[in-house]
Amino acid sequence: VVDPACGSAATLVAERLLAASEAIEADLVGLLVSTIALDTRGFDPAQKRFSARDVAVVGELLDRLGSPPAADLRDRRVPDGLAPTVAGVATALLDARADVADLTAAQLLRMDFKQALLDDGLALGVASVLATLDDLTTRATERDRLTLGALLSDLTIEKRLDVLFALTKPSKHRPPSADDDAPAPRDDGEKRKALLYFAHPPTPLNPNVDVAALERKLVALPAELPPSLAALPLFQTQEIATLGLGASFRVLPGHSPVENDSVIPLRYSLIRREITRKTILPILLSFCESLRRQQRPPRGYPSSS
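Source: prediction; values computed, not measured.

*Asks:* Would you mind going over the overall build of the protein with me for this structure?
*Replies:* Counting secondary structure elements, the protein contains 12 helices and seven strands. Taking all 305 residues of the protein together, 48% fall into the buried category. Accessible surface, the protein: about 15400 Å² in total, of which carbon and sulfur atoms supply 52%.

This is how it looks when you write it as structure tokens:
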């Protein structure tokens, strides 16, 4: 289920449980509060990862636990929690989650991975990676002994994906390679995330999706952003409807899956640090669906034999 109207999938679960039952076990309530606190970064406004639905659900869950009211949800007490407050629970979980020092790049790509399937069968995956782009490429070459492109290719095969994206942690961008003639993102000292993708080349039996056209749509945002997405709270708080992604794609030198002209090279873009998978995945699904409709032959069009 992809619902970009809230910041945590646990909010969807909690909404159904709260609507269906007056009695929910305290342990389950605590788990839901902790999960939503983690996904929303403790309801930190600067992170722009939550909506009014998340706030309302956690408030009701805490009421069930007998937590006293507070002026700020972040300061509400979490009985028997990992930390005394909602913000503290989020910090404790984030610290534990961020301990990835011993992981390889392949493990990081699988650690927080989600995939979705379009009605026509196109399989799309997005990995949220707890490492910067530089860190991820270094781990790929030093620990996995493979290029990052090869690791993404392996994951698409393992998960039976047509297109795979990876979203990294933010960092200040590095100087562009002299071999890459794509326009470099401006260096204003701001940290940005990296969005990478790998797609298998199209074949007559599997036309895949026009990734060049998909790139153009992502770069052109907020143009062509569907109104149904633009109106959602997370899209507004992340200012996607006004600022877009800030994307400019280019080849990642030295990290193509193989040295073969028939393989689509690994490409990436730096994007605004506020962007999350919660918003990027619905955008990708919407754009891929639109492009696939354009690729389909009209009804009555004779098939080749």
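*Asks:* Help me understand the environment of Pro282 in this model?
*Replies:* Position of Pro282 relative to the elements: it lies in helix H12 (residues 277-295). On a C-alpha basis, the gap between Pro282 and Ala116 in space is 9.6 Å, while along the polypeptide they are 166 residues apart.

*Asks:* Any chance you could explain unusual backbone geometry here in plain terms?
*Replies:* Working note: non-glycine residues mostly have negative phi, and peptide bonds are mostly trans. A cis geometry characterises the amide bond from Leu221 onward to Pro222, with omega recorded as 15°. Looking at where Pro222 falls in the secondary structure, it is placed in the loop between helix H8 (211-220) and helix H9 (227-230). You will see that Arg41, though not glycine, has its phi angle at about 55°, which is positive. Given the relative accessible area of 18%, Arg41 is considered buried. A positive phi angle, close to 60°, is found at Glu239, a residue other than glycine. Tracing the backbone shows Glu239 in the loop between helix H10 (233-237) and helix H11 (240-243).

*Asks:* Any chance you could explain the pairing of strand E1 (residues 113-117) here in plain terms?
*Replies:* Looking along a regular strand, one sees the side chains alternate between the two faces of the sheet. Relative to strand E2 (residues 123-128), E1 runs antiparallel, the two sharing five bridges. Bridge assignment links Lys114 to a residue of E2, and that residue is Val126. Where E1 hands over to E2, the hairpin turn is made up of five residues, of which Gly121 adopts a positive phi near 100°.

*Asks:* Can you walk me through the packing of aromatic side chains in this structure?
*Replies:* Inspection of every chain in the model, using the stated rule, returns three aromatic pairs. Residues Phe43 and Phe50 carry aromatic rings whose centres are separated by 5.2 Å and whose planes lie at 65° to one another, so their mutual orientation is edge-to-face. Judged by relative accessible area, which is 4%, Phe43 ranks as buried. Measuring from ring centre to ring centre gives 5.5 Å for Phe165 and Tyr197, while their planes differ by 35°; the resulting arrangement is tilted. Here the residue Phe165 occupies a position in strand E3 (residues 163-167), and Tyr197 occupies one in strand E5 (residues 191-199), the gap between them amounting to 32 residues. Just as Phe165 is buried, Tyr197 falls in that class too. An aromatic cluster of three or more residues is present, and its members are Phe165, Tyr197 and Phe249. Of note, Lys217 hangs over the ring of Phe287, and the distance from its end group to the ring centre comes to 5.1 Å.

*Asks:* Just to check I follow, could you spell out the confidence of the model for the protein for this structure?
*Replies:* Close reading of the predicted structure is inappropriate where its pLDDT is low. Chain-level statistics for the protein give a pLDDT mean of 86 and a share of 85% at 70 or above. Averaged pLDDT values for the elements of the protein fall to 87 in strand E4 (residues 171-172) and rise to 96 in helix H5 (residues 105-111). Predicted confidence is poor over residues 175-187, with pLDDT under 50, and the contacts of this stretch with residues over four places away or in other chains come to 17 contacts. Low pLDDT (under 50) marks residues 298-305, which in the prediction has zero contacts with non-local residues, meaning those over four places away or in another chain.

*Asks:* Which parts of the structure should I look at to understand helix H6 (residues 133-144)?
*Replies:* Within an α-helix, residues lying three or four positions from one another point in the same direction, as the helix has 3.6 residues per turn. Relative to the 16 Å expected for 12 residues at 1.5 Å per residue, H6 spans 15 Å between its end C-alpha atoms, a close match to the ideal helical length. Here H6 has its buried residues at Leu133, Leu136, Thr137, Arg139, Ala140 and Asp144. Angularly, the buried residues of H6 cover 160° about the axis, an arc narrow enough to put them on a single face. Positive phi appears at Arg145, one or two residues downstream of H6, with a value of about 60°.

*Asks:* In this structure, what is going on with the side chain of Ser8? I would like to understand it.
*Replies:* Counting through the fold element by element, Ser8 comes out in the segment before helix H1 (9-20). On the accessibility criterion, Ser8 (1% relative accessible area) is buried. Within the local environment of Ser8, its side chain forms a polar contact with the backbone nitrogen of Ala10, the two atoms lying 3.1 Å apart. Not counting residues up to four positions away in its chain, the partners in contact with Ser8 are Thr35, Ile36, Asp39, Asp54 and Lys278.

*Asks:* In this structure, what is going on with H1? I would like to understand it.
*Replies:* The first and last C-alpha atoms of H1 sit 17 Å apart over 12 residues, in line with the 16 Å expected at 1.5 Å per residue. Of the residues making up H1, those classed as buried are Ala10, Thr11, Leu12, Ala14 and Leu18. Contacts from the buried residues of H1 go to helix H2 (26-39) and helix H3 (52-64). Its side-chain oxygen 3.1 Å from the backbone nitrogen of Ala10, Ser8 forms the N-cap of H1.

*Asks:* Looking at this structure, I do not really get the nonpolar core. What am I missing?
*Replies:* Side chains that are nonpolar tend, in soluble globular proteins, to be buried together. Phe165, Leu214, Leu218, Leu245, Ile283 and Leu284 are the most contacted members of the largest nonpolar core, which totals 36 residues. Those elements that provide at least two residues to this core are E2, E3, E5, H8 and H12. With eight residues, H12 is the single largest residue contributor to this core. Not counting residues up to four positions away in its chain, the partners in contact with Leu284 are Leu124, Val126, Phe165, Leu214 and Leu218. One finds Val100, Leu108, Leu164 and Ala166 within the second-largest nonpolar core, a separate group that totals 28 residues.

Calculation rules
- Residues numbered from 1 in each chain as written.
- Predicted model: local features only at pLDDT ≥ 70, side-chain atom pairs only at ≥ 80, totals over all residues.
- Heavy atoms only, no water.
- Helix = DSSP H or I, 4+ residues; strand = E, 2+ residues; numbered from the N terminus.
- Buried < 20%, exposed > 50% of the residue type's maximum accessible area, 1.4 Å probe, protein only.
- Areas by Shrake-Rupley, 256 points an atom, 1.4 Å probe, with all protein chains shown as cover.
- Pairing = 2+ DSSP bridges.
- Phe/Tyr/Trp six-rings, centres within 6.5 Å; stacked < 30°, edge-to-face > 60°.
- Lys NZ or Arg CZ within 6 Å of the ring centre and 35° of its normal.
- pLDDT = per-residue confidence, 0-100.
- Contact = heavy atoms within 4.5 Å.
- Expected span 1.5 Å × (residues − 1).
- Arc of directions from axis to C-beta.
- Polar contact = N/O pair within 3.5 Å; in protein donor to acceptor, adjacent residues only side chain to side chain.
- Core = buried A, V, L, I, M, F, W, Y, C linked by side-chain atoms within 4.5 Å.

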